[in-house]
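A structural walkthrough
Residue strings, one per chain:
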Amino acid sequence: MVEYDKDLQSIQEARLVIEAAKKAQKKLAAMSQEQLDVIVEKMAAKASENAAYLAKLACEETGFGNPTDKTLKNKFASDVVWSTIKDLKTVGILKEDTEQQVMEVAVPMGVIAGLIPSTNPTSTTIYKALIAIKAGNGIVISPHPGAKNAILETVKLLRQAASEAGAPNGIIGALTTLTAKGTEELMKHKDTALILATGGEAMVRAAYSSGNPAIGVGPGNGPAFIERTADVKKAVADIIASKIFDNGVICASEQSIVTESVIAQQVVEELKKKQAYFLSEAESNALAEFILRANGTMNPQIVGKTAPIVAKMAGISVPENTTVLVSPQETVASTNPYCKEKLCPILAFYVEENWLDACNRSIELLNVEGQGHTLCIHSQDKEVIKEFALNKPVSRILINTPGALGGIGGTTNLAPALTLGCGAVGGSSTSDNITPFNLINIRKAAYGVKSLESLRAAAQEPTTLPTSSNGLKVDLSDNEVRKLIEAALQKLATT
């Protein structure tokens, strides 16, 4: 029996699935807003009905997180996302400005490539499919190999619901023969309109270098600052709840606690009340060696595991009810594993003299990793909160709320999303929580309101500079002034 090259099979499959999605999308683009909404509503309902089933599949296949929290994420991706987008107008004329004589029309992008991570596999698939179809696009899912079965089962259910609601066949595609070459073909294909890339840094870089438009989300590394005016008990409870949610795999979850010396002891006591385990220096060193691999990347064995399991793997004995492992730190460096994203219940702990030092420490941490992503602050001082909002290189600052669920819009009024843009500072094309509006183009129809003659007449009118500090005005229509400017420009050009 002939064994065909797996890369070639994957590449061919990508081409065929994109072709089918493109044909289907042309039919979908002709549908009304009402027809699209019926399809998306049925998809959301099907996903919600199977939330627990899909969560169980994801946990069993990946070993990450826990079924209870993954069920909640699936419900969030279906119920909460649908309730937020159901009334959005994404088809036809969006806006008519009669005063400015400009009309805005929604235009679907075409076929979206949806790259799905293993950390949030089923919920991200649900979310990306819903927002793509809502915007009139087709979507082709590229599963992470480590969560292939759970993702493909999610696609199967969504496809079934969409078909029953009248969606054209092929509108939701997926790669089943998984290789890097196949995913590369999907990203680079001429009929891929946009890449939605959620996952590792290397994958996001590949999406942006594909030659097609992309929205990518790299690693988070959010510090949580507990300022002296904070409700310390609530702040600690929020951080712990966030960090243990699905065993810490959401990229918006906190990675470090930064607090002020005046309340440091109180913060430590509250953490211990919540069964946080403070590592000794020797234990911190032992765990540090286990967190990162020799190539500087995170050890996948720790991802989505509980604190006791992570500790045991590193040869550290902790109580079975331990919620998080806390490592006191004094320095920030790219070689320090505690300064990076840790997708499990591990927190670095920094104590600073005042909020200014804490501000600088937070920036240092973000400069190591996580620029453009998320930062949390717990404070009642509005001026300090404003300073953090003005100066941090992040796209979302979460105030007095858990990071994991606040960042995705669960406990805040940010747009509910499982793809969080990191802005230019984070190497992303947007800083938004991604919604259907990020997946449409806006066509503008503008009436003529000025004539060419009026523009020419305006250009001939003398232009004067504002009065200077000494009361003098310079008339740019003066020939002498023009000669001086021309001479100055020539001089600059020759120097």
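Everything discussed here concerns the structure shown above.
Criteria and thresholds
All residue numbers refer to positions counted from 1 along the written sequence of the respective chain. Reporting in this predicted model follows two pLDDT cut-offs: at least 70 for local features of residues, and 80 or more for side-chain atom pairs to be given and counted; totals over whole chains, interfaces and linings ignore these cut-offs and use all residues. No hydrogens and no water enter the side-chain calculation; it runs on all heavy atoms of the structure. We call a set of buried residues a nonpolar core when its members are Ala, Val, Leu, Ile, Met, Phe, Trp, Tyr or Cys and they connect through side-chain atoms within 4.5 Å of each other. Exposed residues in this analysis have more than 50% of their type's maximum accessible area, buried residues have under 20%, and partly exposed residues fall in between, with area computed by a 1.4 Å probe over protein chains only. Contact definition: two residues touch when any of their heavy atoms are within 4.5 Å. Under the scheme used here, helices are H or I runs from DSSP no shorter than 4 residues and strands are E runs no shorter than 2 residues, and both carry numbers assigned from the N terminus. Here, a strand pair is defined by DSSP locating no fewer than two bridges between the strands. Each axis is a line fitted through C-alpha atoms, taken for helices only over the stretch in contact, and angles between the N-to-C directions span 0 to 180 degrees. Two kinds of site are reported from a 1 Å grid over the protein atoms alone, namely cavities, where a 1.4 Å probe fits but cannot get out, and pockets, open sets with protein on both sides within 12 Å along at least five of seven lines, and residues are called lining when an atom falls within 4 Å of a point. Grid points are joined across faces, edges and corners, and a volume is the space filled by probe spheres set on the points. Residues are sorted three ways: Asp, Glu, Lys and Arg are charged, Ala, Val, Leu, Ile, Met, Phe, Trp, Tyr, Cys and Pro are nonpolar, and all the rest, Gly among them, are polar. Ring geometry is summarised as follows: Phe, Tyr and Trp rings, the Trp one being its six-membered ring, pair when their centres sit within 6.5 Å, and such pairs are stacked at plane angles under 30 degrees, edge-to-face over 60 and tilted between the two. In what follows, roughly perpendicular refers to angles from 65 to 115 degrees, roughly parallel to angles under 35, roughly antiparallel to angles over 145, and oblique to any angle outside these ranges. Crossing handedness is defined as follows: a turn of the near helix away from the far one that is anticlockwise and smaller than a right angle gives a left-handed crossing, while the clockwise case is right-handed.

**Side note on the nonpolar core**
If you look at the biggest cluster of nonpolar residues, it comprises 55 residues, and the most contacted ones within it are Ile39, Met43, Tyr127, Ile133 and Ile172. Among residues more than four places away in sequence, those in contact with Ile172 are Met43, Ile133, Ile139, Val155, Leu158, Arg159 and Ala162. Formed by 32 residues, the second largest nonpolar core is a distinct cluster that contains Ala288, Ile316, Tyr350 and Ala358.

**A look at the environment of Phe64**
Tracing the chain through its elements places Phe64 in the loop between helix 3 (51-62) and helix 4 (67-85). For Phe64, a relative accessible area of 11% gives the class buried. Put simply, Phe64 and Val303 are 239 residues apart on the chain and 6.3 Å apart in space, counted from C-alpha to C-alpha. With sequence-adjacent residues up to four places away left out, Phe64 is seen in contact with Cys59, Lys70, Ser118, Thr119, Val249, Pro300, Val303, Gly304 and Lys305.

**Description of the sheet that holds strand 8 (residues 222-226)**
The parallel open sheet is built from 7 strands, whose spatial order is 10-11-12-9-8-13-14. Every interior strand has two partners, whereas the edge strands, strand 10 (277-278) and strand 14 (394-399), have only one. The sheet contact formed by strand 9 (residues 254-260) and strand 12 (residues 346-352) spans 5 bridges and is parallel. Bridge pairing in strand 12 places Thr259 opposite Val351. On top of the sheet, helix 10 (residues 264-273) reaches strand 8, strand 9, strand 10 and strand 12; it is set at about 160° to strand 12, its chief contact.

**A few points about the layout of surface pockets**
Volume-wise, the largest pocket comes out at about 1,400 Å³. Around the largest pocket, the lining is made up of 46 residues, and of these His144, Gly199, Gly200, Glu201 and Ala202 lie nearest the centre. Counting only elements with at least two residues in the lining of the largest pocket, the list comes to helix 7 (180-188) and helix 8 (201-208). Here the lining of the largest pocket takes 5 residues from helix 8, the largest share from any one element. The space that makes up the second largest pocket amounts to roughly 270 Å³. Around the second largest pocket, the lining is made up of 17 residues, and of these Glu201, Gly218, Pro219, Gly426 and Gly427 lie nearest the centre. Counting residues per element, the ones that place at least two in the lining of the second largest pocket are helix 8 and strand 7 (214-217). The element contributing the most residues to the lining of the second largest pocket is helix 8, with 4 residues. Considered class by class, the residues forming the lining of the second largest pocket number 7 nonpolar, 7 polar and 3 charged.

**Brief notes about the packing of aromatic side chains**
The full count for this structure, using the stated rule, is 2 aromatic pairs. Measuring from centroid to centroid gives 5.6 Å for Phe278 and Phe349, while their planes differ by 80°, and the two rings are edge-to-face. Within this pair, whereas Phe278 is found in strand 10, its partner Phe349 is found in strand 12, the two being separated by 71 residues in sequence. Like Phe349, Phe278 is buried.

**Things to note about the sheet that holds strand 4 (residues 138-142)**
The 5 strands are arranged 5-4-3-6-7 in an open sheet whose pairing can be described as parallel. Of all strands in the sheet, those with a lone pairing partner are strand 5 (172-174) and strand 7, marking the two edges. Across this sheet, the average inter-strand angle for adjacent strands is 15°, counted without regard to direction. As judged from the 3 bridges shared by strand 4 and strand 5, these two strands associate in the parallel manner. Bridge assignment links Val140 to a residue of strand 5, and that residue is Gly173. Those strands touched by helix 8 are strand 3 (111-115), strand 6 (192-198) and strand 7, and its axis lies near 165° from that of strand 7.

**Here we look at the packing of helix 2 (residues 33-49) against helix 6 (residues 148-164)**
Running from amino to carboxyl end, helix 2 crosses helix 6 at an angle of 140°, the nearest separation of the two axes being 8 Å. By the angle class used here, helix 2 and helix 6 are oblique. Here the hand of the crossing between helix 2 and helix 6 comes out right-handed. From helix 2, Ile39, Lys42, Met43, Lys46 and Ala47 reach across to helix 6, where they touch Leu157, Leu158, Gln160, Ala161 and Ala162. Grouping the constituent residues of the contact of helix 2 with helix 6 by class yields 7 nonpolar, 1 polar and 2 charged.

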